[in-house]
Amino acid sequence: MSSLDKETVRRIAFLSRINVSEEGLGELAGDLTRILDFVEELQEVDVEGCDPLTSVADLTLPMRKDEVTDGNIQQKVLSNAPMTDAGCFVVPKVVE
Amino acid sequence: MTDLTNLTLAEARDGLAKGDYTSVELTEAHIKSMEAHRNLNAYIIETPGKAIEMAKASDAKRAKGDAGKMEGLPIAIKDLFCTEGVQTTAASHILEGFKPEYESTVTTNLFNNGAVMLGKANLDEFAMGSSNTSSYYGNVINPWKGKDGKDLVPGGSSGGSAAAVAAGMALAATGTDTGGSIRQPASYCGIVGLKPTYGRCSRWGIVAFASSLDQAGPMTRTVRDAAIMLGAMAGHDAKDSTSAPVAVPDFEAALTGDIRGMKIGIPKEYRVDNMPEEINKLWDNGIAMLRDAGAEVVDVTLPHTKYALGTYYIVAPAEASSNLARYDGLRYGQRVMDEGDSLDDMYMKSRAAGFGKEVQRRIMIGTYVLSAGYYDAYYNKALKVRRRIYEDFATAFGTVDAILAPTAPSAAFAIGENEDDPVKMYLNDVFTVPASLAGLPGLSLPTGLSSEGLPLGLQLIGKPFDEETVLRVGGVLETAANFTAKPAGQEG
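Residues numbered from 1 in each chain as written. Chains lettered and ligands numbered in written order. Predicted model: local features only at pLDDT ≥ 70, side-chain atom pairs only at ≥ 80, totals over all residues. Heavy atoms only, no water.

### A few points about the overall build of chain A
What counts here: In this text, helices come from DSSP runs of H or I with a minimum length of four residues, and strands from runs of E with a minimum of two, each type numbered from the N-terminal end. C-alpha atoms define the radius of gyration in this analysis, and the globule rule sets the expected value at 2.2 Å times the number of residues to the power 0.38. Accessible area is worked out with a 1.4 Å probe on protein chains only. A residue is then buried under 20% of its type maximum, exposed over 50%, and partly exposed in between. Contacts: residue pairs with any heavy atoms within 4.5 Å of one another. Accessibility throughout is a Shrake-Rupley quantity obtained with a 1.4 Å probe, and a residue counts as covered only by protein chains that appear here.
A tally of helices and strands in chain A yields three helices and two strands. Taking 2.2 N^0.38 as the reference for a compact globule, 96 residues should give roughly 12 Å; the C-alpha atoms of chain A span a radius of gyration of 22 Å, well beyond that estimate. Overall, chain A is about 55 × 45 × 25 Å in size when its C-alpha atoms are taken along their principal axes. The buried share of chain A, taken over its 96 residues, is 32%. Looking at chain A alone, contacts between residues at least 24 apart form 32% of all its contacts between residues at least 6 apart. Carbon and sulfur atoms form 50% of the exposed surface of chain A, whose accessible area is close to 6600 Å².

See below:
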């Protein structure tokens, strides 16, 4: 059913926030189409009345007290950041 | 003098207890072996200084009469586990130089039990692959060679872990398995690999790939070693909400050697078209061994098996696209930015430069199947089929105690094969993915050699949280198969 064109791949790449070159778009369109063709066979499975299975863990998510359990680790939090200033992460200018 | 790099965990444990050697001696022997086998590229980084320090501490601890389950035993840690102060990359460029400020729960458990870390083992980037050819830090080479002597893949994604154990560069290693990443490399490298039940080991501090599937487990030389190591890794952890609040049994005690009267299921759907004759034969031999040991072998049906790969290659990329959104070039990892770039420019450049091809493909497929207009047709549909697969196993386990199947459809292949088409590579996971989707424990152990003289594994799949049965049957199969072959240079 789905043959992805370059424009669709361009849109997916933007949603994924991955830069892709013009020629890269063509190659990816081919690869992604092959993968989608491969998973196409799922459409033939009868799933009438079947609930989606999001987790096999047979658990209700546990609750815990809403309380502070750690903190005061600013240096640790920032230690791997590519750019920091005055105890903060530095991002490119987002507001003019 | 015993070759200290050729021992099982159990032998080394007993040797240390008897005082035949110290952990420092054992660790030094492995450091030498790591150096001697650097051509295999099994480690992204070796940590000999830390290893000796840990070994010294372990010897001191033992001298005080305090020995944990893995006291003094040197192992490799897959570079997907965050290790405090030690670079953790997930084999990706985007995490190059990343030094976690915390220790994963599984490595914490292992180190509390006395294990010594030799280094961080290579893997497929973000654990996405079946060949260990997607690592930014280079391919891992399988210590086994076929008749033509070509370099073979070790399997993946835990390829460095498997190669390290097979080549005597570690007594054992941690692996993680999302769709077969412990079992398939174990099969390709002639070792034992156990993917536990989803929830048995904490995922906290493991770099996430597909959170509803990821599970850590042991990669070892014997089934007994897998039992020992799993006991030292597992346990409930409040920091992972899907970690199961169940007790950790004495897995080693499950190795009674007695499987009389147990029912072993043989799923007919795993006799796929084009199955190599030697894999069919391997499987038939395994069936005969279990029957001879007194088990009752029965046919079972898992009707949705043929849809497992398709389901997996929607669910896993979808979860990956969400998990990998955190690599934004801001908080950790590589950043690529030019003068005047916007925030989006920075994201897009950093991620394009930081992620390899296969990771980019999976993020994009995942993004697509979760996007408006396609969510129901792909993602939601896959989740429903996943329930069908889960139900197939539940029905089968109504009548059998464990299921026996091949681990992989072939022996290790040459580096570079299956690279032309992503789907071809995915087919390696055909027998491992179904148990992953159902969250079940799966054990791969070597039971024979291919016509090329390469190891082939069989897989035992068990009920949820019944690793004990899997290990018990695996122990019997191991004894019967008596697989003693070693890669060239490792005999002895």
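### A few points about the interface of chain B and chain A
Quick note on the threshold: Put simply, buried area is how much 1.4 Å-probe accessible surface two parts lose in total, over both of them, once they are put together. Basic side-chain nitrogens of Lys or Arg form a salt bridge, by our definition, when they fall within 4 Å of a carboxyl oxygen of Asp or Glu. Two N or O atoms form a polar contact when they lie within 3.5 Å of each other; inside protein one atom must be a possible hydrogen donor and the other a possible acceptor, and for residues adjacent in sequence the pair counts only when both atoms belong to side chains.
The interface is formed by 68 residues belonging to chain B together with 54 residues belonging to chain A. Contact between chain B and chain A buries roughly 5400 Å² in total, counting both sides, with carbon and sulfur atoms accounting for 68%. Taken together, chain B and chain A are joined by five salt bridges. K357(B) is the partner of E27(A) in a salt bridge, and the nearest nitrogen-oxygen pair spans 2.7 Å. Across the contact surface, chain B and chain A share 22 residue pairs in polar contact (both at pLDDT 80 or more). Of all the secondary-structure elements, those providing two or more residues to the side of chain B that touches chain A are α9 (308-323), α10 (343-354), α11 (357-370), α12 (375-396) and α13 (422-426) of chain B. It is α12(B) that provides the largest number of residues to the side of chain B that touches chain A, a total of twelve residues.

### Here we look at helix α4 (residues 105-112) of chain B
All names here are of chain B. The element α4 is extensively covered by neighbouring structure, given that six of its eight residues are classed as buried. Buried residues of α4: T105, V106, T107, N109, L110 and F111, and no others. Buried residues along α4 sit against α3 (48-63), β2 (74-78), β3 (116-121), β4 (173-177), β6 (215-220) and α7 (223-233). Count one or two residues on from α4 and you reach G114, which has phi positive near 100°.

### Some words on the pattern of salt bridges
In the structure shown here, the tally under the stated rule is 29 salt bridges over all chains. Among the salt bridges present, the one from K18(B) reaches D20(B), with a minimum N-O distance of 3.8 Å. Here K18(B) falls in the exposed class, since its relative accessible area comes to 66%. What emerges from the salt-bridge pattern is a single network uniting D31(A), R34(A), E358(B), R361(B), R362(B) and D421(B).

### Side note on the side chain of S131(B)
Within the secondary structure, S131(B) sits in the loop between β3 and α5 (159-166). Among the polar contacts listed, one links the side chain of S131(B) to the side chain of T133(B), at a separation of 2.5 Å.

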